[in-house]
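Secondary and tertiary structure notes
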Amino acid sequence: MHTVKAIYPGTFDPLTNGHLDLIARGAKIVDELVVAILRNSEKGTPLFTVPEREEMIREAIQGFDNVSVTTFNGLLVDFARQQGAKAVLRGIRAISDYEYEFQMAMMNRKLDPELETLFMMPAEKYTYVSSRLIKGVFRLGGDVTALVPPLVVERLKAKTVTPNNE
Ligand code: PNS
């Protein structure tokens, strides 16, 4: 049987409803989707640890029987090969995402010509949502409940009351 396994890689600091929307769309068109959190991110200090991010994603994907979550280090193409995945799923919200995504997709193609990148667009209502904006808005007291899963809201609240987090 011809089955397609795809990796949905990212930082997920934290998971947003935009990510979740993309997971739902991806899960409909591939047989198996693996959400993969990059452990050695160069994005600076994350708000959530990798195990915290993994736990939030695990809870959020409970309703999908073909989606799992794991972490990876190093090159995405190497991880995809190890996993036997034929494709990488990425979301594009706006034209501004395109340049970065195009470069990554082409670099990954150069590194492994067999691995395809699938781009999908999240629902319009999430096109402006990013983990970075969620953290910024929440820190300043803004309401993000419609934009992230309930557990993420809880965890964001818990972070702000824990000393030494800023
Ligand atoms: O959520 P992000 O930060 O946009 O995800 C970026 C990610 C994790 C997909 C990307 O940084 C990545 O794949 N890193 C792994 C290292 C790698 O393979 N680099 C070469 C690809 S350009």
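Here is a short report on the structure shown in this document. (Residues numbered from 1 in each chain as written. Predicted model: local features only at pLDDT ≥ 70, side-chain atom pairs only at ≥ 80, totals over all residues. Heavy atoms only, no water.)

Sheet analysis places strand S2 (residues 32-38) next to strand S3 (residues 67-72), joined by six bridges and oriented parallel. Across the sheet, Ile-37 pairs through a bridge with Thr-71, a residue of S3. (Pairing = 2+ DSSP bridges. Helix = DSSP H or I, 4+ residues; strand = E, 2+ residues; numbered from the N terminus.)

Around the ligand there are 14 residues in total, and Thr-11, Lys-43, Leu-76, Arg-90 and Asn-108 lie nearest to it. Contacts to the ligand include Arg-90, whose side-chain N or O atom sits 2.9 Å from an oxygen atom. With respect to the ligand, the side chain of Tyr-100 contributes an N or O atom lying 3.4 Å from an oxygen atom. Relative to its unbound accessible area of 550 Å², the ligand is 78% covered by the protein chains. At a threshold of 2 Å from the grid points, most atoms of the ligand map onto the largest pocket. At the level of elements, strand S1 (5-10) and helix H4 (95-111) are the ones that each hand at least two residues to the shell around the ligand. Ranked by the residues each element gives to the shell around the ligand, the list is headed by H4, at four residues. Tallied by class, the residues present in the shell around the ligand amount to eight nonpolar, four polar and two charged. (Near = heavy atom within 4 Å. Polar contact = N/O pair within 3.5 Å; in protein donor to acceptor, adjacent residues only side chain to side chain. Areas by Shrake-Rupley, 256 points an atom, 1.4 Å probe, with all protein chains shown as cover. 1 Å grid on protein atoms, 1.4 Å probe; cavity = no way out; pocket = protein on both sides within 12 Å on 5 of 7 lines; lining within 4 Å. Sits in = over half its atoms within 2 Å of the grid points. Nonpolar A, V, L, I, M, F, W, Y, C, P; charged D, E, K, R; others polar.)

Turning our attention to the packing of aromatic side chains. In this description, a pair of aromatic rings is defined by centroid distance and the angle of the planes. Following the criterion strictly, the structure yields three aromatic pairs and no others. Note on Tyr-8 and Phe-12: the rings are 5.3 Å apart at their centroids and 75 degrees apart in plane angle, and the pair reads as edge-to-face. There is no split in this pair, since Tyr-8 and Phe-12 are both buried. (Phe/Tyr/Trp six-rings, centres within 6.5 Å; stacked < 30°, edge-to-face > 60°. Buried < 20%, exposed > 50% of the residue type's maximum accessible area, 1.4 Å probe, protein only.)

Let's shift gears to the side chain of Asn-108. Within the secondary structure, Asn-108 sits in helix H4. The residues contacting Asn-108, other than those within four sequence positions of it, are Leu-76 and Val-77. (Contact = heavy atoms within 4.5 Å.)

All buried positions along helix H3 (residues 76-83) are accounted for by Leu-76, Val-77, Phe-79 and Ala-80. Each buried residue of H3 lies within a common arc of 160 degrees when the element is viewed along its axis, so the set occupies one face. Looking at the packing, one finds that the buried side of H3 touches S1, S2, S3, strand S4 (87-91) and H4. Gly-84 sits one or two residues past H3 and shows a positive phi near 70 degrees. (Arc of directions from axis to C-beta.)

This part takes up the nonpolar core. Core analysis: the largest hydrophobic core is formed by 21 residues, its most contacted members being Tyr-8, Ile-23, Leu-33, Val-35 and Ile-57. Sorting the residues of this core by element identifies S1, helix H1 (17-29), S2, helix H2 (50-60), S3 and S4 as the ones contributing at least two each. If we skip the residues at most four places from it in the chain, Ile-57 touches Phe-12, Leu-15, Val-35, Ile-37 and Val-69. (Core = buried A, V, L, I, M, F, W, Y, C linked by side-chain atoms within 4.5 Å.)

A few words now on the sheet that holds S1. Within the open sheet, the five strands sit side by side as S3-S2-S1-S4-S5. Their pairing is parallel. Taken across any chain shown, the strands that pair with only one partner, and hence form the sheet edges, are S3 and strand S5 (116-120). With strand direction ignored, the average angle separating the axes of adjacent strands in the sheet is 30 degrees. Direction of pairing for S4 relative to S5: parallel, over a ladder of five bridges. Bridge pairing in S5 places Leu-89 opposite Leu-118. (Axes fitted to C-alpha atoms, helices over the stretch in contact; angles between N-to-C directions.)

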